[in-house]
Amino acid sequence: HAADALRTDLMTITRFVLNEQSKHPESRGDFTILLSHIVLGCKFVCSSVNKAGLAKLIGLAGETNVQGEEQKKLDVLSNEVFVKALVSSGRTSILVSEEDEEAIFVEAPKRGRYCVVFDPLDGSSNIDCSVSIGTIFGIYMLKDGGEPTLDEVLQPGKNMLAAGYCMYGSSCTLVLSTGEGVNGFTLDPSLGEFILTHPDIKIPKKGKIYSVNEGNAKNWDGPTTKYVEKCKFPTDGSSSKSLRYIGSMVADVHRTLLYGGIFLYPADKKSPNGKLRVLYEVFPMSFLMEQAGGQAFTGKQRALDLVPKKIHERSPIFMGSYDDVEDVKALYAAEENK
Ligand code: P6P
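Only a predicted model underlies this, so the values are computations on that prediction, with no experimental measurement involved.

This part covers the packing of aromatic side chains. All told, the structure shown has six aromatic pairs when counted by the stated rule. Between Phe16 and Phe185, the ring centres sit 5.2 Å apart and the planes meet at 75°, which makes this aromatic pair edge-to-face. Residue Phe16 is located in helix H2 (residues 13–22), and its partner Phe185 is located in strand E7 (residues 183–188); the two are separated by 169 residues in the primary sequence. Given a relative accessible area of 0%, Phe185 falls into the buried group. Measuring from centroid to centroid gives 5.9 Å for Phe82 and Phe118, while their planes differ by 45°, and the two rings are tilted. Here Phe82, found in helix H4 (residues 74–89), pairs with Phe118, found in strand E3 (residues 114–122); they are 36 residues apart in sequence, far enough to count as distant. Like Phe82, the residue Phe118 is buried in the burial classification. Through pairs of rings, three or more aromatic residues link up here, namely Phe297, Phe318 and Tyr332.

In structure tokens, the structure reads:
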């Protein structure tokens, strides 16, 4: 009966968020409505990503529409879906998307109390070889009721109310934190519902995997070079770490969150601020790592303490198991004290 009870007592993401909402009696349910629109966007992208290969290979009707328009690139399509879903939710005032150079200010009648920063399809260069890709998002509350300005989204990541990602891989998995731990949900395509499959995710305190693009090694700074060296040739008698690098942030971070270890995209001589974007890659993933008991460091400070000055600003990042990031921090501190 227990198995039956489990099967019939479906903890969907909507029910989960409503439970969270019930802990805040003052809540008006706006956040729940906002999240339901983000979830809708993820379901759409999941369906499009899964069809993309087929559409491309066998020229399904979707490839060019009746007006003979070229099929939109999947990341452009995904962006349009998320922007429309978020604006129509009536709960947002400012949107920052990796796909749009300028922030989107929602028209007055449709405005709400939240700002959403997102990468609608991160890692989209990996679509053609069917490597997992994902949507990454973070949610801020408007600081004050006035006319929304860009300052409302140039907040440190520690001010985020929620963050998450949806990974489009062998299954469609949505990992979410609303500030009280991290939970993972898997899309059941037969129901069209995200079901709680990974309750209360905690990252192992120390891991056996490091994840970095070794091809950039010649341009790394001293502490990063020393750290990677330690992973490969440990001097404390421990065994070497394994290298796992997929090149799609959502996939590399998801593996790190579940298995432990460290994901790093350091600064290098060519890109002194690294490659990953602060608002919609570094902050949401750092938020999740801290909520899961790990940490995230930029080489100079706690990642979530960064105050971005521009919406597409980049930062170096070291994130994952608490002890592994501590090792990186010690090497940067030693460099500082030279
Ligand atoms: P590199 C994908 O293009 C992306 O933005 C992230 O998803 C990924 O972690 C990173 O870039 C990979 O960059 O330079 O190693 O190919």
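Structure shown, so let's carry the discussion forward.
The positions that UniProt labels "domain: Fructose-1-6-bisphosphatase class 1 C-terminal" (unreviewed entry) are, in the present scheme, residues 203–332. Structurally, residues 203–332 is divided into 36% helix and 12% strand, and its ends, taken at the C-alpha atoms, are 23 Å apart.

Attention shifts here to the environment of His312. The residue His312 is located in the loop between strand E12 (295–297) and strand E13 (317–320) in this model. Looking at His312, the relative accessible area reads 14%, which means it is buried. For the pair His312 and Tyr280, spaced 32 residues apart in sequence, the C-alpha to C-alpha distance is 8.5 Å. A polar atom in the side chain of His312 sits 2.7 Å from the side chain of Tyr280.

Here we come to the sheet that holds E12. Ordered by their spatial adjacency, five strands build an open sheet running E10-E9-E11-E13-E12, and the pairing between neighbours is mixed. Both edges of this open sheet fall to strand E10 (242–243) and E12, since each of them pairs with a single strand only. Lying over the sheet, helix H5 (residues 222–232) contacts strand E9 (209–211), strand E11 (262–265) and E13, oriented at roughly 145° with respect to E11. Running over the sheet, helix H8 (residues 322–336) touches E11, E12 and E13 and is turned about 25° from E12.

Neighbouring the ligand are Asp122, Gly123, Asn213, Tyr245, Gly247, Ser248, Met249, Phe263, Tyr265, Lys275 and Glu281. At 2.9 Å, a side-chain N or O of Asn213 approaches an oxygen atom of the ligand. For the ligand, whose unbound accessible area comes to 400 Å², protein coverage reaches 78%. Residue composition of the shell around the ligand, grouped by class: four nonpolar, four polar and three charged.

Calculation criteria
- Residues numbered from 1 in each chain as written.
- Predicted model: local features only at pLDDT ≥ 70, side-chain atom pairs only at ≥ 80, totals over all residues.
- Heavy atoms only, no water.
- Phe/Tyr/Trp six-rings, centres within 6.5 Å; stacked < 30°, edge-to-face > 60°.
- Helix = DSSP H or I, 4+ residues; strand = E, 2+ residues; numbered from the N terminus.
- Buried < 20%, exposed > 50% of the residue type's maximum accessible area, 1.4 Å probe, protein only.
- UniProt positions renumbered as here; feature names shortened; annotations may be inferred.
- Polar contact = N/O pair within 3.5 Å; in protein donor to acceptor, adjacent residues only side chain to side chain.
- Pairing = 2+ DSSP bridges.
- Contact = heavy atoms within 4.5 Å.
- Axes fitted to C-alpha atoms, helices over the stretch in contact; angles between N-to-C directions.
- Near = heavy atom within 4 Å.
- Areas by Shrake-Rupley, 256 points an atom, 1.4 Å probe, with all protein chains shown as cover.
- Nonpolar A, V, L, I, M, F, W, Y, C, P; charged D, E, K, R; others polar.

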